[in-house]
Amino acid sequence: MRYSIEKMYLCRLIMAKFRNIIILVASAFVVSCIDVVDVRTSIDVNEIVATVDGVTLTRTELRRDIPAGLVGADSVTFSKMYVDNWVLKQLKMRRAEEVLSSNEADIERLVEGYRQSLIMRQLDQYYIDHAIDPDISEREIITHYRANGARYKLDHHKVRGVVVKTPRSFRNTSTLSTALRNVAKSGVSELEALVEKHSLLLSDMSVDWVSYSDFLSHLPTVRTRSYDNLLSKSGVQQMSNDEANFYFIITDVARRGQVAPLECVEEDIRRVLYADRRSAIVGRYEAEMLREAVVSGRLTIQDSLLLQSMLASLPVVEEVSVEEVDSLVGDEERLFDEADSLSQGIL
């Protein structure tokens, strides 16, 4: 019995010493790891803004990304949003590694595809920047309009005209009606003088086309009612409410479903022509690269029919001289007259 007690005491003593040794070794290991991290990263503790799973955001990085000129409360707000977004990004990336690990190959493929797309777009832009002429002439716009007018049909009515608001007591209506009828022939100068003389309110929409709904907004109309019948009427028309009379004339009408007047689609055509130029530049340099690759032997395709088909499909973009354009479209004044006649005839 005595022997057993002594044996148990000895065992406990050995285990206590062994436990102390383990604690010392573990502590030394942790301290050594900390020392290694500090030496490896060489980041001042005061420089650290946030750390997520061992990834560190420093004050230097934060300051680098703060937009120039941002100070005071705006700088504080930006910094808070930046840190919030950075932390969330790190957490989501770690979660993605855990949840989407089985799809890692697909993700890598998508990332690589996106990277290549960015590079190719930058290359396209390089050639565009070095070759494109940003100026679109009126001649080109009119030529395009004549050839592609059907692409620019209106989905709502467009009008030009004027509205004059008068007090209910205004009596010089005959002179006002004459001035309104003269707008289509000689402009609004006569009407403006009359309006100024009698302190009337003029809404001039005689130059730029406006939507019919915008024109009606200057009149005492009811939103739920249709006023399409007014488009068919010529001459001066009148509406009234309890406070005033409204005299108006619609000088030009372009109905829904008809080809839009050139003035309404000029900017759209300019964008289309600019996009066409960009596409043509990209097509030319792509064709040049493919032909060069075939001739130099950098590109080999075993199927000769496939190669012929590829070469046959290459875009052929020819430069057109000013003289050729002149011969095609004629003189600029004639084009303007023909475009105006075309739009009027269609309308």
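Only a predicted model underlies this, so the values are computations on that prediction, with no experimental measurement involved.

**Student:** An account of the packing of helix H4 (residues 104-131) against helix H10 (residues 262-296) is needed here, citing residue identities and associated values.
**Tutor:** The interhelical angle for the contact between H4 and H10, taken along N-to-C directions, is 110°, at an axis separation of 9 Å. The pairing of H4 with H10 is recorded here as roughly perpendicular in orientation. Where H4 abuts H10, its residues Met120, Leu123, Asp124, Gln125, Tyr127, Ile128 and Ala131 lie against Arg278, Ile281, Val282 and Tyr285. Tallied by class, residues from the contact of H4 with H10 come to 8 nonpolar, 1 polar and 2 charged.

**Student:** How would you summarise the packing of aromatic side chains if you had to cite specific residues and measurements?
**Tutor:** For any pair of aromatic rings, the description rests on two quantities: the centre-to-centre distance and the angle between the ring planes. Overall, the coordinates contain 4 aromatic pairs when judged by the stated rule. Consider the rings of Phe78 and Tyr82, whose centres lie 6.0 Å apart with planes at 35°: the pair is tilted. Highlighted residues: Phe78 and Tyr82, both in helix H3 (residues 72-99), separated by 4 residues, approximately one helical turn. Centroid distance Tyr127 to Tyr285: 4.1 Å. Interplanar angle 10°. Geometry classified as stacked. In this pair, Tyr127 is assigned in helix H4 and Tyr285 in helix H10, connecting sequence segments 158 residues apart.

**Student:** Lay out the pattern of salt bridges with the relevant residues and their values.
**Tutor:** Scanning all chains against the criterion turns up 14 salt bridges. We note a salt bridge from Glu263 to Arg160, for which the minimum N-O separation is 3.9 Å. Of this pair, Glu263 sits in helix H10 while Arg160 sits in strand S3 (residues 158-167), and the two are 103 residues apart along the sequence. When its relative accessible area of 49% is taken as the criterion, Glu263 is described as partly exposed.

**Student:** Could you give an account of the sheet that holds strand S5 (residues 237-240), with specific residues and numbers?
**Tutor:** Taken together, 4 strands build an open sheet; the order of strands is S4-S3-S6-S5 and the sheet is antiparallel. Two strands in the sheet have a free side with no partner beyond their single neighbour: strand S4 (201-211) and S5. Here the average twist between neighbouring strands, direction ignored, is 20°. Relative to strand S6 (residues 244-254), S5 is paired through 4 bridges, and the arrangement is antiparallel. Its bridge partner being in S6, Ser240 is matched across the sheet by Asn245. Helix-sheet contacts for helix H6 (residues 173-181) involve S3 and S6, and the interaxial angle to S6 is about 15°. Each of S3 and S4 is contacted by helix H8 (residues 189-198), which is oriented at about 150° to S4, the strand it contacts most.

**Student:** Give me the lowdown on the confidence of the model for the protein chain, citing residues and values where you can.
**Tutor:** For the protein chain, per-residue confidence averages 81 on the pLDDT scale, and residues scoring 70 or more make up 78% of the total. Averaged pLDDT values over the elements of the protein chain bottom out at 42 in helix H12 (residues 322-329) and peak at 97 in S3. Note that residues 20-40 has pLDDT below 50 and, in this model, 2 contacts with residues that lie over four places away or in other chains. Below a pLDDT of 50 lies the segment residues 317-333, which in the model reaches 16 contacts outside its immediate sequence neighbourhood of four places, other chains included.

**Student:** Outline the side chain of Ser75, listing residues and values.
**Tutor:** When you line up the elements, Ser75 lands in helix H3. Using a relative accessible area of 16% as the deciding quantity, one classes Ser75 as buried. Setting aside residues up to four positions removed in sequence, Ser75 forms contacts with Ile66 and Leu70.

**Student:** Let's hear about the environment of Leu191: which residues, and what values?
**Tutor:** Locating Leu191 in the fold gives a position in helix H8. Separated by 11 residues in sequence, Leu191 and Leu202 have C-alpha atoms that sit 8.6 Å apart. Discounting chain neighbours no more than four positions away, the residues touching Leu191 are Val162, Val164, Leu176, Ala179, Leu180, Val183 and Leu202.

**Student:** Describe in detail H8, supporting the description with residues and values.
**Tutor:** Among the residues of H8, those classed as buried are Leu191, Leu194 and Val195. Buried residues along H8 cover an arc of 100° about the axis, so they all sit on one side. Turned more than 90 degrees off the buried face of H8, the exposed positions are Ser189, Glu196 and Lys197. As for H8, its buried residues are in contact with S3, H6, helix H7 (183-186) and S4. Downstream of H8 by one or two residues, Ser199 has phi in the positive range, about 55°.

**Student:** I'd like a description of unusual backbone geometry, backed by residues and values.
**Tutor:** One non-glycine residue with positive phi stands out, namely Asp53, at about 50°. Here Asp53 shows up in the loop between strand S1 (48-52) and strand S2 (55-58). Since its relative accessible area comes to 46%, Asp53 is described here as partly exposed. At Ser199, a position not held by glycine, the phi torsion is positive, near 55°.

**Student:** Can you tell me about the nonpolar core, naming the residues and giving the values?
**Tutor:** The nonpolar side chains of a soluble globular protein tend to be buried, and buried together. Membership of the largest hydrophobic core comes to 16 residues, with the highest contact counts inside it found for Tyr212, Phe215, Leu219 and Phe248. Elements supplying a minimum of two residues to this core: S3, S4, helix H9 (212-216) and S6. Those residues in contact with Tyr212 that lie beyond four places of it in its chain are His157, Lys158, Val159, Tyr227, Asp228, Leu230, Leu231 and Ile250.

**Student:** Help me get a handle on the pairing of S1, residues and values and all.
**Tutor:** For S1 and S2, the ladder comprises 4 bridges, and the chain directions are antiparallel. Looking across to S2, one finds that Ile48 is bridged to Thr58. Taking the residues that link successive antiparallel strands as the turn, the S1-S2 hairpin has 2 residues, and the phi of Asp53 there is positive, at about 50°.

The rules behind these values
Residues numbered from 1 in each chain as written. Predicted model: local features only at pLDDT ≥ 70, side-chain atom pairs only at ≥ 80, totals over all residues. Heavy atoms only, no water. Axes fitted to C-alpha atoms, helices over the stretch in contact; angles between N-to-C directions. Helix = DSSP H or I, 4+ residues; strand = E, 2+ residues; numbered from the N terminus. Parallel < 35°, antiparallel > 145°, perpendicular 65-115°, else oblique. Contact = heavy atoms within 4.5 Å. Nonpolar A, V, L, I, M, F, W, Y, C, P; charged D, E, K, R; others polar. Phe/Tyr/Trp six-rings, centres within 6.5 Å; stacked < 30°, edge-to-face > 60°. Salt bridge = Lys/Arg side-chain N within 4 Å of Asp/Glu carboxyl O. Buried < 20%, exposed > 50% of the residue type's maximum accessible area, 1.4 Å probe, protein only. Pairing = 2+ DSSP bridges. pLDDT = per-residue confidence, 0-100. Arc of directions from axis to C-beta. Core = buried A, V, L, I, M, F, W, Y, C linked by side-chain atoms within 4.5 Å.

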